[in-house]
Structure formats: C-alpha cells, structure tokens
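Understanding the architecture of this molecule
For reference, the chains in residue letters:
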Amino acid sequence: MALTGLQIRAPQWRAGAVERWLEAERDALVLWLPVALGAGIAAWFVLPDRAAWIGWLLASGGVAAAGLVLAGGTRAGRVLLIGGLVAMLGCALVWWRAERVAAPVLARPAVAVVTGRVERIEPLPARQLTRLTIATDPGVGLPPRVRVNLADADRPAGLTRGARVSVRARLMPPAGAAVPGAHDFARVAWFAGIGATGRGFAPVTIVAPGEPAGSDLRQRLSAHIRNRLPESEGAVAASLATGDQGAIPESDAEAMRRSGLAHLLSVSGLHITAVVAATMAVVLRLLALSPWLALNVRLPLVAGAAGAVAAIGYTWLTGAEVPTLRSCIAALLVLAALALGREAITLRLVAVGAFVVLLLWPEALVGASFQLSFAAVTAIVALHEHDRVRGMFAPRDEGWARRLLRGFASLLLTGLAVELVLMPIALFHFHKAGLYGALANIVAIPLTTFVVMPLEAAALLLDSIGLGAPLWWLCGKSLAVLLWIARTTADAPGTVAALPMMPRGAFGLMIGGGLWMLLWRTRWRWAGIVPALLGAGWALTTPAPDLIVTGDGRHLAIRMDDGRLAVLRERAGDYVRDLLAEGGGADGELPVLDDMPSAWCNADLCLAKVEREGRPWRVLATRSSYHIDAGELAAICRSVDVVVSERRLPRTCRPRWLKLDGAVLRRSGGVAIGFARPWMRRVADDVGAHPWIRPVTVMPERDAGATVTHRPAQ
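Rules of the game
- Starting afresh in each chain, residues are numbered from 1 along the sequence in its written order.
- Confidence filtering applies because this is a predicted model: local features only for residues at pLDDT of at least 70, side-chain atom pairs given and counted only at 80 or more, and all residues used for totals across whole chains, interfaces and linings.
- Hydrogens are left out, water is left out, and the side-chain values use all remaining heavy atoms of the structure.
- Strands here mean DSSP runs of E at least two residues long; helices mean DSSP runs of H or I at least four residues long; both are numbered from the N terminus.
- Only the C-alpha atoms count toward the radius of gyration. The rule for a globule is 2.2 Å times the residue count to the power 0.38.
- Accessible area is worked out with a 1.4 Å probe on protein chains only. A residue is then buried under 20% of its type maximum, exposed over 50%, and partly exposed in between.
- In this description, a disulfide is simply a cysteine sulfur pair whose atoms lie within 2.5 Å.
- Any two strands between which DSSP finds at least two bridges are classified as paired.
- Angles shown run from 0 to 180 degrees and are taken between the N-to-C directions of axes, each axis being a line fitted to C-alpha atoms and, for helices, limited to the stretch in contact.
- Should any heavy atoms of two residues lie within 4.5 Å, those residues are considered in contact.
- The term nonpolar core refers to a set of buried residues drawn from Ala, Val, Leu, Ile, Met, Phe, Trp, Tyr and Cys, joined through side-chain atoms within 4.5 Å.
- Each angle receives one of four descriptions, namely roughly parallel if under 35 degrees, roughly antiparallel if over 145, roughly perpendicular if within 65 to 115, and oblique otherwise.
- Note on convention: the crossing is left-handed when the near helix lies turned anticlockwise from the far helix by less than a right angle, right-handed when the turn is clockwise.
- Basically, the charged four are Asp, Glu, Lys and Arg, the nonpolar ten are Ala, Val, Leu, Ile, Met, Phe, Trp, Tyr, Cys and Pro, and anything else, Gly included, counts as polar.
- A 3.5 Å cut-off defines polar contacts: any pair of N or O atoms within that distance qualifies, except that in protein one atom must be a possible hydrogen donor and the other a possible acceptor, and neighbouring residues in sequence count only when both atoms are side-chain atoms.
- Salt bridges are defined as contacts in which a side-chain nitrogen from Lys or Arg sits within 4 Å of a carboxyl oxygen from Asp or Glu.
- A patch consists of residues whose relative accessible area exceeds 30% and which take part in no salt bridge; residues with like charges are grouped when within 9 Å of each other, and nonpolar side chains (Val, Leu, Ile, Met, Phe, Trp, Tyr) when within 5 Å.
- In short, Shrake-Rupley with a 1.4 Å probe defines the accessible areas, and a residue's cover is counted only from the protein chains shown.
- Positive residues here are Lys and Arg, negative ones are Asp and Glu, while His and the chain termini are left out of the count.
- Just so you know, the charge point we use is NZ for Lys, CZ for Arg, CG for Asp and CD for Glu.
- Any two of the Phe, Tyr and Trp rings considered here, Trp counted by its six-membered ring, make a pair once their centres fall within 6.5 Å; the pair's planes then place it as stacked at under 30 degrees, edge-to-face at over 60, or tilted in between.
- When the NZ atom of lysine or the CZ atom of arginine is within 6 Å of a ring's centre and also within 35 degrees of its normal, the charge is said to sit over that ring.

**Focus on the overall build of the chain**
Within the chain one finds 24 helices and 19 strands. A compact globule built from 714 residues should have a C-alpha radius of gyration of about 27 Å, and the chain, at 29 Å, falls within 12% of that. Principal-axis analysis of the C-alpha atoms gives the chain an extent of 105 × 70 × 50 Å. Classification of the 714 residues of the chain by burial places 47% in the buried group.

Right, here's the structure in full:
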C-alpha cells in the first residue's frame, strides 16, 4: 500500500513542480520587457550615427519578424516577436525624444546681455552662488533657456521666481565630456533644453517683479531648517527635507561619496518610502481611535490614499526632479498593489516602474541615478524573494536577542548584495567605489529613516507653535552621528577602490550578467556569472592611461615611472585635478610636473620622459600663449614622441608619433593614451554624431548678443 501511494503521489508532485517552473519562467519573461526597452535605448546612445541607429531598428525588426514567421505560436516565437518590437521601440523612442527636445544651442563662447524670465532659482550657499535658469526673450539671438551663476553678493534684493531680469554674462556652450569616460553635461543639457551656461556680473536689473517674496515654499523651508541647525547638520537636514544640496560643504559631500552614503542626500526611494510609511502609520492609528470607522471603513485604503497624497506632495516640494518622480511612481504602484490586495514589493512591480520611467524619460537610462536606484531595488527584492533567504529571515517566535541578531544579519546580507551590485555602476560613472559602504549603510540607513527624518518632521510640525527646539537639538545630534560615520569611513585606509576608464563592453557584460542572475528564478540564472566575471576581468585588466589630455588642450596628466599622475599646471583647479585623477584611476592629490625628477619645465614648455616596457617616451606640452621660435619648436618636436598644446602649432612641428594641438583636439575632444602597446581613446569616438555635438560656427562679436545654431536633423 505504501508503494502504491508513492506511485500515485509522485506524478502529482512532478506535475506541481512543472507548473511552478512554468509559472516562474512566465513571470521572469515579463521582467525582461524593460530590459529589452532599455537595450534599444542604450543602443541609440552607444551606436555612433544615424546609419547605425537605422541598422539597429532593422535588426530588431528582423528579430521580431523571425519570431512571427519562423517559430509560429510557440513561446520562443512570442519572446522573439515581443522582444524585437520592444527593443525597436526603445531606440525609436529615445531618438524621437532627442529630436523633440531639440533647441538652439550657443555656438561659441560669448559675452552677452541675457534678458528673460527666471524659471528657477537654486541657492548654492556652500559656493556662495545662486544659480538662475532663465527663459530668454525671443529675438535676442540667445538660446531659449540659459543657466547663469551669480555671486551671492551680486544677487539683487527682490529677485524671485518669475521675475524678468537683465544681466550681462559670459556664456559658454554646455560642456561635453572633457576626457574619455567623464560626465557629459552637454547630453544632460540637451534633454533639459539648456542652450548655454555661464557666469553673470553685477549689476543685475529686475525688469519686472516675479512671484511675491517667500512664495517659494521649498526655499523658505530649506532656509528655515538651516537656521535651526549648525552649518553641516543643517545643510544635510535641508537636503533630506527638500532635496536642496547647495549648502552642503564640499568636504562633507566628498566624505558622503567616499563612504557610500551619498545616496542619502538625494531624495529617492528611501525618503519617499519613509514619508509614505510614516503618513500611513499616523493616519491609520488616528482613524483607528474611532470604533465606528474601524468597523465600517477600510482604514488601510484610507491610509494608503493619504500616503499617496504625501508622496505626491513631497515630490512637488523637493522640486519634482526625475529621480524623485521615479521614486514617487514606484511608491504609487506599491500603494495600488496594496489596494488591490496583491503582494506589494515584487520584481514584477519593479519592472513595471522601470518600464513606465523609460517610456516617459528614456534618456534617464544612461544616468547614474536611474542605474543605481533600480539596481539596488532589484537586488534587494530578488534577494528576499529567494526561498532560502525568505525562510532564513521570516518572522518567528523567538527571543529578542535572536530576533535582533537575525535583523542585523538581514541588514548585513542586504547591504553586501547591494554594494556588490552597485560597485560596477559606481566604478563606470565615477571611477571610484567605497569598499566599506555596506557596513556604513547598516547604521546610516536605519539612523536616517527611523531617527533623523521623524525627528525633523516632528520638529517642523512643532515649530508652528514654537516648541520645536528640543527636537531640533536631538535631530542635530543624530545628524552629527551620521556625518561622523561618513567622515570616519571616508578617512579609513583603503576605503575607496579607484579604477580608470572602464570599457563600455566590460560594463555591458557585467550589467547583462547581473540582470540574468537577478531576474531568472531557476538554476540557469547562475549562467549569468560567466559574462559578469568576463566583464569584471576585462575592466580590471584594462590598462590605466599614461597620458590624459583635456579637450581644450590646457590640461594634461602624465603617469610617471613611479606610477603617480602629475599635472601640467600648478594652478589647475580642484575640478580639473579631480577629473584627471578619476580618469587615471588615482585617489589623492596630484603633484605638478615641475616637481618630477624626469620632467623639465619653464614658463612656456614642459618636457617629460617616461619609460614603458623598456621603451622611453618623451612628451612635450606648451603651457603659455607666448611666441616660441618656429625653428626651435620644430627641432624640439622632432625629438619627442607626443606634443600637446592648446594652440595651433605650425606644420613644421612634427613629433615622432602624435601631435595633439588645438586644431586636432577640436575634432577629437579629450584624449587618453597608453604607451605600453600604444593605444588611444578619444571623446569623439564615444559620442559619435549625436545631436548635442557642437558644430563649428563663426565667433560672435563681443557684447553683440550670441550666435546660436540649430542641430541638423539626424
């Protein structure tokens, strides 16, 4: 009888397993829809020109046609059909959006009088600046939207949003990537509609007043918070409440970045979740005090609606930036799932959120914010959806000590998983990743979520009746602890892993392998380890550049025989030094070529000698605009391998290998060069023919307005 029972039960068990497997695979296929959409978007950014974009569209259409014709109605056919169509949609969507947002862009640097309406005012107290976004008047020869920085001392009284102003400013076209792998602000400005940036000079004339003073709730709230707390603590508190990071001292911002806590400063899913959860808890408990309401009204739905209102209001208060909007959309989807009685936090919900965001803002895909936030959420949800992990940390009847230990283990495992997933993204975008971020976040995230933000919210509420001071004191102390964690972690030895420019192919392999492991639910998910390891190996074995030259030719860094990067100009600013250090995978201060024993410099020229694999390399760089005798310069050029100059050099200057003067760099952009087995990477190769590339035009007359140009249709 026992054998008979076993024979009967076994097929049923197998059938149930097959059903569960099929359901898991069907769910997993749905999760790949935003991946296919993102692949099409990424292809448009990575591929160089119009012909390649059309090629992608045709190839994606071919895959869809193959799924329709060759595989019939099978699952494989549907996967090919839908995947091909969605990948084609992604490329077409971002191409269409890039053309739709096209606006005139400043052609060349110019000094011009900017007259128009102030759309946005961003105080930057840490830099003693105020940033204005101005919609310029039509017909004045300027782009329709420009961004101007004003010194706080030059900001006139009564300047508010909506005011019409007139200010003389030195304007520049939005800057592209200065060196390969650096941030491309020109791309960001293109999609934001910003056609020029610059610095304004006093006097600033208010032609017509704007909104009444104090009508900007965000600025008033930020100023109020900063007035209630010490400088650093107040700046961080304002960032948590309104998303305004302009007052955070650079030293504290750098400490937060190095310690892996910078995500706490940007209003994102963590902050939206805290606001929604707190609102729902308070509303639910208050309404539950009424027996009639508790018995006759679905209070969780009412609390969820209040949470949705709070999420939308908080998003509006913090400026409705794309990352915050993205988090708000995700929160609203979670609340909708709760209202429908579905499980709230699932990978399918994360996929829906990503798909919606990419449909609305396809350009967000290539930004670090989108990648970091969705990678972190996907890693957390995938980890805790795993049966073994869910069973390990499920609630159970046990003592408080074991419960606390289990919670700590859950936080540690989650932190390690998130750090592992985020590290390649951080290294690709910022060339640095914090090694102790998981440990710092174990304390910092609960401290921020359950202590700092509730204290800050309660203090603001009590300020309305003048009783917030005690809570502000507690809030300041908790923020001091948070900053202490950041500074201590940032100063710890070996806290930062620095990596030079990562190849796009290596990054793509790691992202693809990571998605494969996170989204599939069966054993073949582990096949993703192969591309992930290949990508990591490729990134780690990519040689660091020996010479990095900025696109204007004014600045360079060269790797000396002792491995240190040395810069050309002693007066290079912190931004340039950081840019060159990140591109070369260095962490710390960069010395000047004048101090290197194998370099010879005077006021006009620097000659550096380095050796790679037994071969000496000589690099000559100019660092002044004074006249140099053509014959002498030609003789020096013939004796060196590489010449770098911001000016146009005569044809008689012919180095043995490469000449990077002003004329060449205008076409190539910044350059990174390796001397061992010589290689070169140019910004122009990375950017291709995308619409934010500046065409060459005639320099406008000084103070006569500015020449702008429309992008040709792609």
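**A closer look at the state of the cysteines**
Applying the stated rule across the entire model yields 2 disulfides. Shown here is the disulfide that connects cysteine 601 with cysteine 606, its sulfur atoms set 1.9 Å apart. One disulfide, between cysteine 601 and cysteine 606, carries an S-S torsion of 115° and so falls in the right-handed class. Residue cysteine 606 is classed as buried on the basis of its relative accessible area, which comes to 2%. Across the chain, the disulfide pattern expressed with sequentially numbered bonded cysteines is 1-2, 3-4.

**Thoughts on the pairing of strand E18 (residues 679–682)**
Walk down a regular strand and you will see the side chains alternate between the two sheet faces. Here 4 bridges tie strand E17 (residues 671–674) to E18, and the two strands are oriented antiparallel to one another. Bridged to valine 671 within E18 is arginine 682. The antiparallel hairpin formed by E17 and E18 contains 4 residues in its connecting segment, where arginine 677 sits at a positive phi of about 50°.

**Let's talk about the sheet that holds E17**
Strands in a sheet are paired, the pairing made by backbone hydrogen bonds, and the direction either parallel or antiparallel. Reading across the sheet, the 5 strands line up as E11-E10-E9-E17-E18 and stay open at both edges, with antiparallel pairing between neighbours. The open sheet is flanked by strand E11 (565–567) and E18, the only strands paired with a single partner. This sheet shows a mean twist of 15° between the axes of neighbouring strands, independent of strand direction. Sheet strands touched by helix H21 (residues 574–583): strand E9 (547–549), strand E10 (556–559) and E11. Its angle to E11, the strand with the most contacts, is close to 150°.

**Digging into the nonpolar core**
Where a protein is soluble and globular, its nonpolar side chains tend to be buried together. Among the nonpolar cores identified, the biggest contains 57 residues, and Trp44, Phe45, Phe191, Phe370, Leu580 and Trp692 are the most heavily contacted of them. The leading source of residues in this core is helix H13 (residues 347–360), at 6 residues. Ile225, Ala237, Ala238 and Ala486 belong to the second largest nonpolar core, which has 33 residues in total.

**Details of the packing of helix H19 (residues 504–519) against helix H20 (residues 529–541)**
At their nearest, the axes of H19 and H20 sit 7 Å apart, and the two run at 155° to each other. Taken as axis vectors, H19 and H20 run roughly antiparallel relative to one another. Note that H19 runs across H20; the crossing there is left-handed. Here Gly505, Ala506, Leu509, Met510, Gly513 and Met517 of H19 come into contact with H20, specifically with Ile529, Pro531, Ala532, Leu534, Gly535, Ala536, Trp538 and Ala539. Looking at side-chain class alone, the contact of H19 with H20 contains 11 nonpolar, 3 polar and no charged residues.

**Concerning the sheet that holds strand E6 (residues 196–208)**
Taken in spatial order, the 5 strands close into a barrel running E2-E3-E4-E6-E5, and their pairing is mixed. On average, each strand axis in the sheet is tilted by 50° relative to the strand beside it, whichever way the strands run.

**Things to note about the pairing of strand E3 (residues 129–136)**
Of all 8 residues making up E3, 8 are buried, and the element is well covered by its neighbours. Side chains Leu129, Arg131, Thr133 and Ala135 of E3 all project onto a buried face; the interleaved residues Thr130, Leu132, Ile134 and Thr136 project onto the opposite face, where all are buried too. Hairpin remark: strand E2 (residues 110–124) followed by E3, antiparallel, with 4 residues in the connecting loop; positive phi at glutamine 128, about 55°. Summarising the sheet, E3 and strand E4 (residues 145–151) pair through 7 bridges and their orientation is antiparallel. Looking across to E4, one finds that leucine 132 is bridged to valine 148.

**Re helix H5 (residues 185–192)**
For H5, the buried fraction is high: 6 of the 8 residues fall into the buried class. Taken residue by residue, H5 has Phe185, Ala186, Arg187, Ala189, Trp190 and Phe191 as its buried positions. Where the residues of H5 are buried, they touch helix H2 (33–46), helix H4 (75–100), strand E1 (105–106), E4 and E6. Sitting at the head of H5, aspartate 184 places a side-chain oxygen 3.2 Å from the backbone nitrogen of alanine 186. A positive backbone phi angle near 75° is found at glycine 193, which sits one or two residues after H5.

**Regarding the pattern of salt bridges**
Per the stated rule, a full pass over the model turns up 20 salt bridges. The salt bridge partner of arginine 117 is glutamate 119, with a shortest N-O separation of 3.8 Å. On the basis of relative accessible area, arginine 117 is assigned to the partly exposed category, the value being 41%. A relative accessible area of 25% means that glutamate 119 is categorised as partly exposed. The partner of glutamate 646 in a salt bridge is arginine 554, and the shortest N-O contact between them spans 3.3 Å. Separated by 92 residues along the polypeptide, glutamate 646 in the loop between strand E15 (642–644) and strand E16 (658–660) and arginine 554 in the loop between E9 and E10 bring together distant segments of the chain. Its relative accessible area of 27% is what places glutamate 646 among the partly exposed residues.

**Examining the environment of arginine 651**
Tracing the chain through its elements places arginine 651 in the loop between E15 and E16. Spatially, the C-alpha atoms of arginine 651 and alanine 684 are 23 Å apart, while their sequence positions differ by 33 residues.

**A word on a positive patch on the surface**
Together, Arg108, Arg648, Arg651, Arg654, Arg666 and Arg667 make up a positively charged patch on the protein surface. Checked against the element boundaries, arginine 666 lands in helix H23 (residues 662–668).

**Considering the side chain of serine 478**
Within the fold, serine 478 resides in helix H18 (residues 469–491). Setting aside residues up to four positions removed in sequence, serine 478 forms contacts with Leu447, Val451, Val452 and Leu455.

**So, unusual backbone geometry**
Following alanine 202, the chain continues to proline 203 via a peptide bond in cis, the omega torsion being 0°. Mapped onto the elements, proline 203 comes out in strand E6. The backbone phi angle of glutamine 128 is positive, close to 55°, even though this residue is not glycine. Glutamine 128 gets classed as exposed once you look at its relative accessible area, which sits at 56%. In this model, arginine 677 sits at a positive phi of 50°, which is unusual for a non-glycine residue.

**Description of a nonpolar patch on the surface**
The grouping of Leu509, Val530, Leu534 and Trp538 at the surface amounts to a nonpolar patch, some 370 Å² of accessible area in total. Among the elements that make up the nonpolar patch, the one with the highest residue count is H20 (3 residues). In this fold, tryptophan 538 is placed in helix H20. The exposure class of tryptophan 538 is partly exposed, given its relative accessible area of 40%.

**Brief notes about the packing of aromatic side chains**
The tally for this structure, following the rule as stated, stands at 16 aromatic pairs. With 4.9 Å between their ring centres and 35° between their planes, tryptophan 44 and tryptophan 53 make a pair best called tilted. In this structure, tryptophan 44 and tryptophan 53 share a single accessibility class: buried. In this structure an aromatic cluster arises from ring pairing among Trp44, Phe45, Trp53, Trp95, Phe191 and Trp692. Of note, arginine 525 hangs over the ring of tryptophan 526, and the distance from its end group to the ring centre comes to 5.8 Å.

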